[in-house]
Amino acid sequence: SVNCLVCAAPIKHCRLGVEACRACSVFYKRTLTLRKRLRCKGGSNDCITKDPKTSCRKCRFARFSNVLERAGAESSVIQPTQPVRLVKEKKPRTIRARSKPASFIDHERFYDVEPSGSHTPQLDTIIKAYSLYCLLRKTAEPTTTEHCRSECNEQIKDDLVFTPFSYSIRTPDFRIGRAALTEFAKFAFADFRALDEESKKFLVSSAARRMFHLEGTYRALHYFPNDDSVRLLTYTTYVSDATLESLLDEHPNQVNKSEALRVIRKNMTRSSSMVRRQFGRINPSEKEFVALLGLALWNQEVGSLNDAILGIVSRNRSAILKELHVCYAAEGRRDYAARLGDLLCLLENVESSVSLAGEDLEVYRLLNLFNHGRDPSER
């Protein structure tokens with residue numbers, strides 16, 4: 001069989017005079033036409049050597065250009081009037097093991113061309129579904145924060161503006177999160193779409209907190225790799241050591257501020273040690289990450305609803321793990337069992353962190369942090 005020289009996908013036909021798949025050739029022509037500035041997502045200009053299916057446009061475009069150059073292919077018919085501008089990246093002084101992964105899934109991935117001839121169709125669908133989830137939250141959440149933005153605390157990362165979390169936006173943002181999570185599940189899994197509405201609601205409700213914690217950690221490591229205190233509570237809001245005091249200052253209730261700060265900081269540190277640091281050490285690939293999302297959605301708690309749901313949960317978990325094995329086989333990994341063990345251990349730590357957070361809620365209520373005893377994590 002013949003594989004694409006850019007992304008390694010199986011192909012039957014050559015395009016633009018070289019052995020390239022349709023997705024890569026469309027991407028190359030579109031990039032030439034749009035003439036956008038391209039910036040390496042990993043910062044080291046070698047993303048595609050680490051992952052042929054990377055989402056880094058610069059590295060993918062550079063690989064295709066190199067393939068065309070080596071093949072001497074004729075591509076003048078698609079050359080733009082102005083050359084594509086590649087932004088030269090400065091290599092970071094030091095790159096820690098838990099810094100940004102070479103590729104990253106966000107709201108922009110929703111617009112990417114679907115991969116052709118994939119051996120992991122379920123994981124590819126989950127990637128697309130997660131990018132839809134990101135797009136929905138990125139579009140909707142800013143409408144809830146326009147009136148309460150604090151210019152001095154805004155954090156601008158890539159094309160996102162992160163604002164400090166506040167009590168006034170917690171309810172609408174958490175509702176947006178639940179709605180986006182429901183659309184994620186609909187897009188990713190036919191079995192979810194076939195469920196009755198009550199079962200769908202139960203599944204999303206039982207999975208929401210663990211999935212929000214998991215994907216929030218994923219994005220926090222990407223956007224705030226050097227600050228362990230940052231937690232992304234929604235897609236565009238954050239809380240950190242630097243914002244805690246102002247968060248309590250605007251709290252609607254009378255609270256014991258010093259005690260509340262002590263408890264919250266202790267719990268944030270514990271969560272960081274349990275999940276964030278382990279996540280950074282393992283540094284899951286994008287397909288490993290979405291596999292974790294899928295496993296978090298189809299968790300054992302959902303399976304307790306009834307025997308029919310248990311069968312659906314088992315089927316989807318098996319399909320996800322099977323495709324992970326396909327990924328590891330394609331990479332020639334011999335340590336796949338240990339790697340899978342690390343991922344499942346990470347997922348277990350997410351579960352434990354969520355359980356401890358539930359216990360913390362009682363402490364927060366005693367500190368009068370919530371109105372009417374509502375749990376703001378019930379998104």
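These numbers come from a predicted model, not from an experiment. (Residues numbered from 1 in each chain as written. Predicted model: local features only at pLDDT ≥ 70, side-chain atom pairs only at ≥ 80, totals over all residues. Heavy atoms only, no water.)

(A) Structural view of the overall build of the chain. Secondary structure assignment for the chain yields 14 helices and six strands. Looking at the chain as a whole, 50% of its 379 residues are labelled buried. Residue pairs in contact within the chain that sit at least 24 positions apart in sequence constitute 73% of those at least 6 positions apart. Of the roughly 18600 Å² of accessible surface on the chain, 51% is carried by carbon and sulfur atoms. (Helix = DSSP H or I, 4+ residues; strand = E, 2+ residues; numbered from the N terminus. Buried < 20%, exposed > 50% of the residue type's maximum accessible area, 1.4 Å probe, protein only. Contact = heavy atoms within 4.5 Å. Areas by Shrake-Rupley, 256 points an atom, 1.4 Å probe, with all protein chains shown as cover.)

(B) Up close: the pattern of salt bridges. Evaluated as defined, the whole model comprises 16 salt bridges. Two residues, Glu-141 and Arg-137, come together in a salt bridge whose shortest N-O distance is 2.8 Å. With respect to burial, Glu-141 and Arg-137 carry one shared label: buried. Residue Glu-215 pairs with Arg-219 through a salt bridge whose shortest N-O separation is 2.8 Å. (Salt bridge = Lys/Arg side-chain N within 4 Å of Asp/Glu carboxyl O.)

(C) View of the environment of Ile-176. Secondary-structure assignment places Ile-176 in helix H6 (residues 170–188). For the pair Ile-176 and Leu-136, spaced 40 residues apart in the sequence, the C-alpha separation amounts to 8.2 Å. The residues contacting Ile-176, other than those within four sequence positions of it, are Arg-137, Ala-140, Glu-141 and Thr-144.

(D) Just unusual backbone geometry, in detail. Of note in the backbone geometry, Ala-8 takes a positive phi value of approximately 75° without being a glycine. For Ala-8, the position within the fold is in the loop between strand S1 (2–3) and strand S2 (10–11). Judged by its relative accessible area of 40%, Ala-8 is partly exposed. Phi is positive for Asn-45, close to 60°, though the residue is something other than glycine. Looking at the element boundaries, Asn-45 is found in the loop between helix H1 (22–34) and helix H2 (47–50).

(E) Local environment of the confidence of the model for the chain. Mean pLDDT over the chain: 78, with 75% of residues reaching 70 or higher. The weakest mean pLDDT in the chain belongs to strand S3 (residues 155–157) at 61; the strongest belongs to helix H7 (residues 190–194) at 96. Here residues 88–102 is a poorly scored stretch, pLDDT under 50, and it has 33 contacts once near neighbours within four places are set aside; other chains count. A low-confidence stretch, residues 147–152 (pLDDT under 50), is modelled with eight contacts involving residues beyond four sequence positions or located in other chains. (pLDDT = per-residue confidence, 0-100.)

(F) The packing of helix H4 (residues 121–140) against helix H13 (residues 307–331), seen in detail. At a minimum axis separation of 8 Å, H4 and H13 run at an interaxial angle of 105°. Classified by the interaxial angle, the pair formed by H4 and H13 is roughly perpendicular. Contacts from Pro-121, Gln-122, Leu-123 and Ile-126 in H4 reach Ile-320, Glu-323, Leu-324 and Cys-327 in H13. The residue makeup of the contact of H4 with H13, split by class, is six nonpolar, one polar and one charged. (Axes fitted to C-alpha atoms, helices over the stretch in contact; angles between N-to-C directions. Parallel < 35°, antiparallel > 145°, perpendicular 65-115°, else oblique. Nonpolar A, V, L, I, M, F, W, Y, C, P; charged D, E, K, R; others polar.)

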